[in-house]
Amino acid sequence: MNDITPADSAERRRRVARAIQRRMVAHVAAGGTTDFASGPLENDPAAYTDPARAELERREIFLKVPLVAGLSRAVPRPGDSLLFEEFGQSIVIVRGRDGVLRAFLNMCTHRGTKLVRAGADGTCERRGRMTCPFHAWTFELDGSLVGVPGRQGFEGIDMSRRNLIQVPVAEWNGIVFVRAAAGSDELDIPAYLGAFAPELAQLELADAAPIRSSSLAADCNWKCALDTYGEGYHFATLHASTIGVSHYGNVAVFDDFGPHWRINFPDRRVKALVGLPESEWPEADYGGVHFLFPNTVVVVGSGGPGGAFVRMFRIFPGQTPGTMSCRIEVYALRGVRADGDRAGEFAQDDAESDVTREDYRVAVDGYANLVSAPAGFTVVYGRNELALQSLHRHIARAIGVPL
Ligand code: FES
Ligand SMILES: [Fe+2]
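Trainee: Mind showing me how you'd approach the domain arrangement of the protein chain here?
Mentor: Reports of interface size often rely on the accessible area that becomes lost once the parts have come together. As assigned here, the protein chain comprises domain 1 (6-65 + 194-399) and domain 2 (67-186). When each unit is reduced to the centre of its C-alpha atoms, the spacing between domain 1 and domain 2 is 32 Å. Across the contact, 24 residues belong to domain 1 and 18 residues belong to domain 2. Counting the contacts that link domain 1 with domain 2 gives one salt bridge. Between Arg327 and Glu86 there is a salt bridge, with its nearest N and O atoms 3.6 Å apart. At the boundary of domain 1 with domain 2, the tally comes to four residue pairs in polar contact (both at pLDDT 80 or more). The biggest single contributor to the side of domain 1 that touches domain 2 is strand β17 (residues 308-317), with four residues. Tallied by class, residues from the side of domain 1 that touches domain 2 come to 17 nonpolar, two polar and five charged.

Trainee: Explain the pairing of strand β5 (residues 101-105) here, please?
Mentor: Here is the key point about a regular strand: its side chains alternate between the two faces of the sheet. Of all five residues in β5, five are buried; the element is thus mostly enclosed. Of the two faces of β5, both are covered, the one formed by Leu101, Ala103 and Leu105 as well as the one formed by Arg102 and Phe104. Sheet topology places strand β4 (residues 91-95) next to β5; five bridges connect them, and they run antiparallel. If you follow Val94 over to β5, its bridge partner there is Arg102.

Trainee: Looking at this structure, I do not really get the side chain of Lys223. What am I missing?
Mentor: Its place among the elements puts Lys223 in helix α6 (residues 222-227). Using a relative accessible area of 1% as the deciding quantity, one classes Lys223 as buried. Here Glu57 takes part through its side chain, which lies 2.8 Å from a polar atom of the side chain of Lys223. Look past the residues within four positions of Lys223 in its chain and what remains in contact with it is Ala47, Tyr48, Glu57, His392 and Ile395.

Trainee: Just checking my understanding: could you explain the layout of surface pockets for this structure?
Mentor: A probe as big as a water molecule, rolled over the atoms, marks out the empty space that is left. Estimated volume of the second largest pocket: approximately 600 Å³. Lining the second largest pocket are 27 residues; nearest its centre among them are Leu82, Gly122, Thr123, Ser213 and Arg327. Every element with two or more residues in the lining of the second largest pocket is listed here: β2 (67-71), β3 (81-84), β12 (209-218) and β18 (324-332). In terms of residue count, the dominant contributor to the lining of the second largest pocket is β12 (five residues). Looking at the lining of the second largest pocket residue by residue, the class counts come to 12 nonpolar, six polar and nine charged. When residues of the lining of the second largest pocket are sorted by domain, at least three fall in each of domain 1 (6-65 + 194-399) and domain 2 (67-186).

Trainee: Explain the environment of Val297 to me, please; I cannot follow it from the model alone.
Mentor: With respect to the secondary-structure elements, Val297 resides in strand β16 (residues 296-302). Assessed through its relative accessible area of 0%, Val297 is described here as buried. Put simply, Val297 and Pro374 are 77 residues apart on the chain and 32 Å apart in space, counted from C-alpha to C-alpha. The residues contacting Val297, other than those within four sequence positions of it, are Leu226, Tyr229, Val289, His290, Phe291, Arg311, Met312 and Phe313.

Trainee: Would you take a moment to explain the pattern of salt bridges for this structure?
Mentor: A pair can form between side chains of opposite charge whenever their charged atoms are brought close. One pass over the full model with this rule turns up 24 salt bridges. Taking the shortest distance from any N to any O, the salt bridge between Arg126 and Asp80 comes out at 2.7 Å. Of this pair, Arg126 sits in the loop between β5 and β6 (130-131) while Asp80 sits in the loop between β2 and β3, and the two are 46 residues apart along the sequence. Residue class for Arg126 comes out partly exposed when judged on its relative accessible area of 41%. Glu329 is the partner of Arg327 in a salt bridge, and the nearest nitrogen-oxygen pair spans 3.2 Å. Linked through salt bridges whose partners overlap, the residues forming this network are Arg12, Arg23, Asp35, Glu199, Asp255 and Arg262.

Trainee: Would you explain the sheet that holds strand β7 (residues 138-139) in this entry?
Mentor: Hydrogen bonds along the backbone pair up the strands of a sheet, which may run parallel or antiparallel. One open sheet accounts for three strands, arranged β6-β7-β8; its pairing is antiparallel. What marks the edges here is a single partner per strand, and that holds for β6 and β8 (145-147). By the bridge criterion, two bridges tie β7 to β8 in an arrangement that is antiparallel. In the strand pairing of β8, Phe139 is matched with Leu145.

What counts and what doesn't
Residues numbered from 1 in each chain as written. Chains lettered and ligands numbered in written order. Predicted model: local features only at pLDDT ≥ 70, side-chain atom pairs only at ≥ 80, totals over all residues. Heavy atoms only, no water. Domains from an automatic or database assignment. Contact = heavy atoms within 4.5 Å. Salt bridge = Lys/Arg side-chain N within 4 Å of Asp/Glu carboxyl O. Polar contact = N/O pair within 3.5 Å; in protein donor to acceptor, adjacent residues only side chain to side chain. Helix = DSSP H or I, 4+ residues; strand = E, 2+ residues; numbered from the N terminus. Nonpolar A, V, L, I, M, F, W, Y, C, P; charged D, E, K, R; others polar. Buried < 20%, exposed > 50% of the residue type's maximum accessible area, 1.4 Å probe, protein only. Pairing = 2+ DSSP bridges. 1 Å grid on protein atoms, 1.4 Å probe; cavity = no way out; pocket = protein on both sides within 12 Å on 5 of 7 lines; lining within 4 Å. Points joined across faces, edges and corners; volume = space filled by probe spheres on them.

Here it is, written out as structure tokens:
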């Protein structure tokens, strides 16, 4: 359900971008102020290192809230499928002949093996039916069991109860959400997004064309990695030769949407606007770091001439508190454009990859130290690290452990 037209979205993006730009200019004009929380916040290292907390997060957050599985553009036609394997059981999301997306445990109902595997490039080939590689039980795209070789061997078994096991999936404005728990309720995405819904809808992700994807894993808690996306306090030091050059450090414009948020870091071009009347400002490109609780970061940035690109990071806890993985997907917003633009996107992407490496290195180092931190030590999120404060407060609330 999307009653917002592209023209509405473009107009809305212009309006929001201008409002953010105004706040950035004010911070830069004031000599480099930033949005602040009401006070600093301390957190127990156990929030990162305790296996009991990790289990609570798994149960109370990751198995309950809708998780982003990808974008609709990855599964445009009947028979297209998408695997969601980063958390919990392997799930296959497949578009039916009726155009409806359904999700199933990627588990054959004969003896349990995986029905669908991704190719080397991570994508699944289009298929008319799903046939198990073990004994060739065959399932329709709607999950019903339609073929059993040597069927007489299963006499006495109620084969009508051997359809694939469904899990909740929803498609909303080009984003595919799943809940990684069979037998749970339908997803209510508008309720989950709340006031963040129009901010995401205006991105027009339904038209975002995939450019490339990759994965990385690191030996740290998933939140150590996630924390690096929510503040620009580290730009001047950790990213001294990349973002630290192009952007102001420790200057941020933060917008709170319940557990979700958006944060913007001004680039140095903002300085030219200080003292100029707003009527002389160039139009602001919409951008920002969008966070969907609990684990998805959608970074919208200008891709140089021709438009904008999106990098989506989905961060998942591993089997232990000290392991995590991240899926990174890069999309061209509003379709793929000329080759020149794509070259710009790749260059941008390579630069961003350097930044990601720098971030993950400190996340891993920090985690190793937190594991053996002395009793009574706390980590502290400054007033300037308000996105991190929001993240950890919402996690604590969701798992019922006070900060
Ligand atoms: S396990 Fe799938 S057909 Fe046997
Ligand atoms: Fe960083």
